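Below are the chains, spelled out letter by letter.
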Amino acid sequence: MTSARTIRVRGVVQGVGFRPFVYRLARANTLTGWVLNGEQGVEIFVEGADAGLEEFVRDLVAKAPPAANIAEMQVARAEPLGLLDFTIRESAHLNRPTVRVSPDLPVCDECLSELLDSSNRRFHYPYINCTNCGPRYTVILGLPYDRPNTTMNSWPLDAFCSAEYSDPDNRRFHAQPVACPECGPLYFLHTGKQIDGGKDVIAKAAAMLRDGKILAVKGLGGYHLACDARNAPTVAQLRERKFRKERPFALMVRNLSIARTIVELTEDSEQLLTGVARPIVLAPAKVEFPEVAPGNNELGVMLPYTPLHHLLFEQGAPEILVMTSANRSSEPIAYEDEDALRSLAEIADAFLVGERPIARRVDDSVVRAGTFGPAILRRSRGYAPAAVITLPSQQPILALGADLKNAVTLVVNGQAFVSQHIGDLDHFSAFRAFQETSRDLLAMYEVRLDELLVVHDAHPQYRSTTHALSLPVPGRLAVQHHRAHIASVLAERGDWDTRVAGVSFDGTGYGDDGTIWGGEIFGGTLRSGFQRVAHLRPALLPGGDAAARYPVQAAAGFLSQLETLPDLCAHPFDFPSRYRTARELIDRKVRCFQTTSMGRLFDTVAALVGFTREITYEGQAAIWLEQLAKRSMTSASYPFPFVENELDFRPLLSAVIADRRRGESPQKIARSFQRAVAEGLARALREVCSAESMETVVLSGGVFQNELLLQNLKPLLERNRLQVWTNHAVPANDGGISLGQAALAAFAGVK
Ligand SMILES: [Zn+2]
Ligand SMILES: [Zn+2]
């Protein structure tokens, strides 16, 4: 008995070897029909015996290629057509594409063993790849995903590659970036005026790394600066040349066993480290590398993910390399050759440059196995541009995020695509990247401006806001910063109706009343919106947002709320004169803003226990304070009462000052402070939740990247029988804002 089925599969199913897999599966079950890449996903028609059809449908999901991610599958009965064979049809291009572009994939085991096999045609060829591995998002110029639409379009396949490309039984069948040393792009080593294109350029580059040189290495989504992590003078030189004073550098290690020797890895962090996204994983350091992560007892470690990385190690590069995004200071990562050669000329001793162009810049992602599960700190390569969720919106939405740690979200046909990490928009080049990325997403999904709802932060002076206002679009919506944080967690979970207590703790965001918020508790649902129900007691912020750079300036604003204060410019506080200047602003009521920022409260305490200088990267003082606290085991705490819906920091700060004057160690004070914040928040949540009969707490905002705070909070909230939801798919920091904005906009539209 012959029957037939039409099957439509949506999700990440293009560019991951899905069609050849379907072909092989159909043949294995003696079915005929066809498969094609449609704009609605992969479309399949199969006919044959019922048993074969059943097995086919079951294995379609059960045995799908590792990189495929099936979001939805529709199976319908159809009339058999009496087809004689199974074929892979050409891609169809009819309406707006809804297929999902695959993130880039790490080199697979099969390609890796060919790479190291001297009898293989692609022996030591840094661009080896197949349908299970290799570049995707970083080579795609347009959809559908076919070779002419990739940055490989200027390398015609030779007979060898072409034969593999057209053989459905080969794992390179329709592998769009396929190439070999005869027909594909190559790597060159630029040293001074010399350009070396010989077969041994990677060995030469590895030797330079061994000799303590700094190399700019072109990778998947941009250039890295690489050097020997054990060579402290070289790492110090890299810092100096890069104008990067203290921010930690990421490490790339040869393999997992070496990773285990330098950081403490849990099962969860190993899973992240070896997972298909191959991110940088933050973990406690076992070994100190001077200059790599000054004053930080965590290291960021990743494994090699491109064939080139494997080759560098194979050919003798040091087994632990600094591998940091190539840029000056905090500009976006360099990805175009000319730009890299020019802008990195003063930093790199040599350049290892591959010919394959990079379609768009995509940084390494940064993650951590956290107290409440995996936490993404920077979402980029390996994750972007996968769709994060489905939202009930037929109108396309472009959400522009916030100005720090910017990422944008495009919602098209209800699917929310969150872009790669872009950066801080006050840098001109990051702002340009922000515009490019928005345009790029709109073009890829063929969304026109005249049908678009644009969502932006409520801050009137954000660059992303002024950009939103300049776009010729039919609809615009401003979303308050901290509500967007809470919405991002609920959106990730697809939970639109659970009433939650949403805690949004971060540095700064523009509040409903025009003051600077950042220590907020909301009640509500994603569908109906969030009402502010509690917050940190307001303090002052002299100099406004600029105070974020100087912990003592933030301290001036918070400490001005205390009745009595010792001379903080004297020992043991030793505040610099900036503190006095800030106090004068307060006394004269000049350029002082009201704030409920929890981030600035952390800065204040950091200043009181010794961090009195300027910070050199966002969140530095809070991270410093967390690291300091980890060195004490005290179970002491400070009073942080919750009175009339306000967390009152005054008794807390008075106690910190008293302990410090008594000569208590900064570690112990830092630890007691972290505990006090957790206890104060837990008390506030108990009250808020029982008053409004809520059982679920959402935690988001940059402050919740603090693992110690989460560890302290967990048992306290469990004791109160409150379940806790945090971000897993997008960052808790401002990198997650655009998803929350998009979600709130989707519901604002359907009310
Ligand atoms: Zn492969
Ligand atoms: Zn070839």
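Residues numbered from 1 in each chain as written. Chains lettered and ligands numbered in written order. Predicted model: local features only at pLDDT ≥ 70, side-chain atom pairs only at ≥ 80, totals over all residues. Heavy atoms only, no water.

1. Section: the sheet that holds strand 12 (residues 298-302)
The 11 strands lie next to each other as 7-6-14-8-9-13-10-12-11-15-16, forming an open sheet whose pairing is mixed. A single partner strand is all that each edge strand has here, and the edge strands are strand 7 (194-196) and strand 16 (373-378). Strand-to-strand twist across the sheet, computed as the mean angle between neighbouring axes with direction ignored, equals 30°. Alignment of strand 10 (residues 250-253) against strand 13 (residues 320-325), held across 3 bridges, turns out to be antiparallel. By the bridge assignment, methionine 252 is partnered in strand 13 with leucine 321. Sheet strands touched by helix 8 (residues 267-274): strand 11 (280-284), strand 12, strand 15 (366-370) and strand 16. Its angle to strand 15, the strand with the most contacts, is close to 155°. (Pairing = 2+ DSSP bridges. Helix = DSSP H or I, 4+ residues; strand = E, 2+ residues; numbered from the N terminus. Axes fitted to C-alpha atoms, helices over the stretch in contact; angles between N-to-C directions. Contact = heavy atoms within 4.5 Å.)

2. So, the pairing of strand 14 (residues 350-354)
Counting buried positions along strand 14 gives 5 out of 5 residues, so the element sits mostly inside the fold. Burial along strand 14 is two-sided: the face carrying Ala350, Leu352 and Gly354 and the face carrying Phe351 and Val353 are both buried. Summarising the sheet, strand 6 (residues 187-191) and strand 14 pair through 4 bridges and their orientation is antiparallel. Bridging from a neighbouring strand, histidine 190 pairs with phenylalanine 351 of strand 14. Judged from the 3 bridges that link them, strand 8 (residues 215-218) and strand 14 form a sheet pairing that is parallel. (Buried < 20%, exposed > 50% of the residue type's maximum accessible area, 1.4 Å probe, protein only.)

3. What about the coordination of the zinc ion (ligand 2)?
Taken together, Asp158 (OD), Cys161 (SG), Cys180 (SG) and Cys183 (SG) make up the full set of protein donors to the zinc ion (ligand 2), lying 2.2 to 2.4 Å away. Geometry at the zinc ion (ligand 2) is tetrahedral, judged from its 4 donor atoms and the angles of 99 to 120° they form at the metal. We classify aspartate 158 as buried; its relative accessible area is 17%. Residue cysteine 180 is classed as buried on the basis of its relative accessible area, which comes to 0%. (Donors = N, O, S within 2.8 Å, 3.2 Å for Na, K, Ca; no water. Tetrahedral: all angles 85-135°; square planar, octahedral: opposite > 155°, others 65-115°.)

4. Some details on the packing of helix 16 (residues 598-608) against helix 18 (residues 650-661)
A packed helix pair is summarised by two numbers, namely the angle formed by the two axes and the spacing between the axes. Where helix 16 meets helix 18, the closest approach of the two axes is 10 Å, and the angle between their N-to-C directions is 15°. As the angle between them shows, helix 16 and helix 18 are arranged roughly parallel. The two elements helix 16 and helix 18 meet at a crossing, and its hand is right-handed. Side by side, helix 16 and helix 18 meet where Leu601, Thr604, Val605 and Leu608 of the first sit next to Leu653, Val656, Ile657 and Arg660 of the second. Grouping the amino acids of the contact of helix 16 with helix 18 by side-chain chemistry returns 6 nonpolar, 1 polar and 1 charged. (Parallel < 35°, antiparallel > 145°, perpendicular 65-115°, else oblique. Left-handed = near helix turned anticlockwise from the far one by under 90°. Nonpolar A, V, L, I, M, F, W, Y, C, P; charged D, E, K, R; others polar.)

5. A word on the environment of phenylalanine 640
Following the sequence through the fold, phenylalanine 640 ends up in the loop between helix 17 (620-629) and strand 28 (642-643). Distance in space between the C-alpha atoms of phenylalanine 640 and threonine 564 is 18 Å, their sequence separation being 76 residues. If near-sequence neighbours (up to four positions away) are discounted, phenylalanine 640 is found in contact with Leu536, Met598, Leu601, Leu647, Asp648, Phe649, Leu652, Ala676, Val677, Gly680 and Arg683.

6. Some remarks on the domain arrangement of the chain
Along its sequence, the chain is carved into domain 1 (2-88), domain 2 (103-184) and domain 3 (187-354). One C-alpha centre belongs to domain 1, the other to domain 2; they are set 24 Å apart. Between domain 1 and domain 2, the buried area comes to about 1000 Å², and carbon and sulfur atoms account for 57% of it. One can count 1 salt bridge joining domain 1 with domain 2. In this structure, aspartate 169 and arginine 27 form a salt bridge, with 2.8 Å as the shortest nitrogen-oxygen distance. For the pair domain 1 and domain 2, the interface holds 3 residue pairs in polar contact (both at pLDDT 80 or more). Of the residues in the side of domain 1 that touches domain 2, the class split is 6 nonpolar, 3 polar and 3 charged. (Domains from an automatic or database assignment. Buried area = accessible area lost by both parts, 1.4 Å probe. Salt bridge = Lys/Arg side-chain N within 4 Å of Asp/Glu carboxyl O. Polar contact = N/O pair within 3.5 Å; in protein donor to acceptor, adjacent residues only side chain to side chain.)

7. A few points about the coordination of the zinc ion (ligand 1)
In a perfect tetrahedron of four donors around a metal, the angles come out at 109.5 degrees. In a perfect octahedron of six, they are 90 or 180 degrees. Distances from the zinc ion (ligand 1) to its protein donors, Cys108 (SG), Cys111 (SG), Cys130 (SG) and Cys133 (SG), fall within 2.3 to 2.4 Å. Coordination at the zinc ion (ligand 1) is tetrahedral, judged from the 4 donor atoms that bind it and the angles of 104 to 116° they form at the metal. Mapped onto the sequence, the residues coordinating the zinc ion (ligand 1) show the spacing C-x2-C-x18-C-x2-C. With cysteine 111 in helix 3 (residues 109-115) and cysteine 133 in the loop between helix 3 and helix 4 (159-165), the pair connects residues that are 22 residues apart, well separated along the chain. One exposure class covers both cysteine 111 and cysteine 133, and it is buried.

8. So, the layout of surface pockets
The volume enclosed by the second largest pocket comes to roughly 580 Å³. Along its surface, the second largest pocket is lined by 27 residues, and Asn69, Pro103, Gly382, Tyr383 and Ala386 are the ones closest to its centre. Looking at the lining of the second largest pocket, the elements that each hand over two or more residues are strand 4 (69-78), strand 16 and strand 17 (387-390). Tallying contributions element by element places strand 17 first for the lining of the second largest pocket, with 4 residues. The residue makeup of the lining of the second largest pocket, split by class, is 19 nonpolar, 5 polar and 3 charged. (1 Å grid on protein atoms, 1.4 Å probe; cavity = no way out; pocket = protein on both sides within 12 Å on 5 of 7 lines; lining within 4 Å. Points joined across faces, edges and corners; volume = space filled by probe spheres on them.)

9. Regarding the sheet that holds strand 3 (residues 41-49)
Taken together, 5 strands build an open sheet; the order of strands is 4-1-3-2-5 and the sheet is mixed. The sheet is open, and its two edges are formed by strand 4 and strand 5 (86-88), each paired on a single side. Each strand axis lies, on average, 15° off the axis of its neighbour in the sheet, ignoring direction. Pairing analysis gives 9 bridges linking strand 1 (residues 2-12) to strand 4, with the strands arranged antiparallel. Each residue of the ladder has a partner; that of arginine 8, found in strand 4, is glutamine 74. Against the sheet, helix 1 (residues 18-28) touches strand 1, strand 2 (32-38), strand 3, strand 4 and strand 5, its axis set at about 175° to strand 5. Packed on one face of the sheet, helix 2 (residues 50-62) meets strand 1, strand 3 and strand 4 and runs near 155° to strand 3.

10. Brief notes about the packing of aromatic side chains
Scanning all chains against the criterion turns up 14 aromatic pairs. Look at tryptophan 34 and phenylalanine 45: their rings are 6.0 Å apart centre to centre, the planes differ by 20°, and that puts the pair in the stacked class. Remark: phenylalanine 45 occurs in strand 3 and tryptophan 34 occurs in strand 2; sequence separation between them is 11 residues. Residue tryptophan 34 is classed as buried on the basis of its relative accessible area of 16%. Assessed through its relative accessible area of 5%, phenylalanine 45 is described here as buried. An aromatic cluster is built from Tyr125, Tyr127 and Tyr187, whose rings are joined through pairwise contacts. Over the ring of tryptophan 517 we find arginine 532, and its NZ or CZ is 3.9 Å from the ring centre. (Phe/Tyr/Trp six-rings, centres within 6.5 Å; stacked < 30°, edge-to-face > 60°. Lys NZ or Arg CZ within 6 Å of the ring centre and 35° of its normal.)

11. A short note on the packing of helix 19 (residues 666-691) against helix 20 (residues 707-719)
Across the interface, helix 19 lies against helix 20 with an axial gap of 9 Å and an inter-helix angle of 40°. Here helix 19 is positioned oblique relative to helix 20, judged by the angle of their axes. Crossing hand, helix 19 versus helix 20: right-handed. Of the residues in helix 20, those touching helix 19 at Arg671, Gln674, Arg675, Val677, Ala678, Glu679, Leu681, Ala682 and Leu685 are Leu708, Leu709, Asn712, Leu713, Leu716 and Leu717. Of the residues contributing to the contact of helix 19 with helix 20, the split by class is 10 nonpolar, 2 polar and 3 charged.

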